[in-house]
Each structure stands twice: as structure tokens, then as C-alpha cells.
Amino acid sequence: MYSVNVPVPGRVRRLADRLYPDLVGFDTVREDHSCLLKRLGKADHVAQLQHRAHRALEGAPAVEAEITGIDYFADPPLGSAPVVYLAVESPGLERIHDDLTEAFEVVDGLEGSDYVPHVTLARGGDLETAKRLADREIEPVRWTVSELEFWDGTYKLPVSRVSLPS
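Residues numbered from 1 in each chain as written. Predicted model: local features only at pLDDT ≥ 70, side-chain atom pairs only at ≥ 80, totals over all residues. Heavy atoms only, no water.

When you look at the overall build of the chain in this model, what are you seeing that I'm missing?
Check the secondary structure of the chain and you find four helices and nine strands. What you see in the chain, going N to C, is helices and strands ordered as β-α-β-β-α-β-β-α-β-α-β-β-β. In terms of C-alpha radius of gyration, the chain reaches 16 Å, essentially the compact-globule figure of 15 Å for 166 residues. Each principal axis of the C-alpha atoms in the chain carries an extent, and together these give about 45 × 35 × 30 Å. Relative to its 166 residues, the chain shows a buried fraction of 44%. (Helix = DSSP H or I, 4+ residues; strand = E, 2+ residues; numbered from the N terminus. Rg over C-alpha atoms; globule rule 2.2 N^0.38 Å. Buried < 20%, exposed > 50% of the residue type's maximum accessible area, 1.4 Å probe, protein only.)

Here you go:
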């Protein structure tokens, strides 16, 4: 599965690291952090898929994003529940997501009008713990998203980057 992801700055990774002790009871705790922007699907010809993604992103400007708190999905459409995440507010990322949904098929329940920008921290644990984490206050983290990654989910590696001009 390929996707377009938003790399997050070190401040976001450090925040996730500070929360790690409160996440150890979950089935899976993420160690690598990014914000999934759009799933692109599988491809026989990766270069063609990558080219389509780059074309859909042409002219997209750098955008502002902000981690505003901790939240959770009690009943996610895929995978184990709950999913604890850092909430990302960014009208600019939502616009870019909308542009990508015009070029690539929408995954029902996850994208289009159902898209919620976030950085997953953990999944598959106790709902009460997720609720307690969501009640916790954190200092907001703001940053400028000036590039996106074309991500290979099989190898869990970025394949290329797309710059977003300021």
C-alpha cells in the first residue's frame, strides 16, 4: 500500500515519546510518527502511481498545521480499537487531501468527508485509558508543512518527497 504522508517535526516526535509510558498497555504503540494524508493503493508500476501523486500535488502551497490535543477513535473502521492519536488541525492539509481524493479513489469510512488528520500513537487497548489520555492537556505544537512524503507501506519507508512552495 502506498500513501502520501505528512512528516512531523521533532517536537511532535518528542511529545509522542513523553506519552509513551502511558501507552505501554496498548497492543501496538507507534514508534515512527507521521500524519497519513491519503492512501493511494497498490501498484504494479510504482513510478506511475508516484507520478500521478506528484501531478495531483502540483502547485500545492506550504500549509500550517497544529497538534491541538490527544483524542481517540473508539470504533475505527479498520484494525483494533481504540486508536489513541494526536489531533492535527490544518485546513490546508484538508484541502490537499481533497485534491488527492479527486485523483485517487476514496477509501470509504476513512477518507473524503470522513478524513480526520491525526498522528497515531497507539491502538488496541483499554477504552478508559484512551479516555483519560484524551482528557490530558498538552502544549500545542505548530509547524509549517513544507513537504510531503510518498510512502511505501510494505517497506515502511519514504520513496520520495514533494516540496510544497512557501
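What is the right way to read the sheet that holds strand 9 (residues 157–163) from this model?
Either a parallel or an antiparallel arrangement is found when strands of a sheet pair, and the pairing is made through backbone hydrogen bonds. The strand order 3-1-8-9 describes an open sheet built from four strands, whose pairing is antiparallel. The sheet is open, and its two borders are formed by strand 3 (34–41) and strand 9, each paired with just one other strand. Put simply, the sheet's adjacent strands are angled 30° from each other on average, direction ignored. Bridge count between strand 1 (residues 2–7) and strand 8 (residues 147–152): four bridges; the pairing is antiparallel. Each bridged residue has a counterpart across the sheet, and for Asn5 the counterpart in strand 8 is Glu149. (Pairing = 2+ DSSP bridges. Axes fitted to C-alpha atoms, helices over the stretch in contact; angles between N-to-C directions.)

Is there a simple way to think about unusual backbone geometry in this case?
It is generally the case that most residues other than glycine have a negative phi and that most peptide bonds are trans. Looking along the chain, the bond that leaves Ala81 and enters Pro82 is cis, with omega of -10°. When you line up the elements, Pro82 lands in the loop between strand 4 (63–73) and strand 5 (83–89).

What is the right way to look at the side chain of Asn5 in this model?
Secondary-structure assignment places Asn5 in strand 1. Asn5 gets classed as buried once you look at its relative accessible area, which sits at 5%. Looking at Asn5, its side chain comes within polar contact range of the side chain of Ser3, at 2.8 Å. One polar contact links Asn5 to Ser34, side chain to side chain, over a distance of 3.2 Å. Once you skip the residues sitting within four places of it in the chain, Asn5 turns out to touch Ser34, Cys35, Leu36, Leu37, Leu148, Glu149 and Trp151. (Polar contact = N/O pair within 3.5 Å; in protein donor to acceptor, adjacent residues only side chain to side chain. Contact = heavy atoms within 4.5 Å.)

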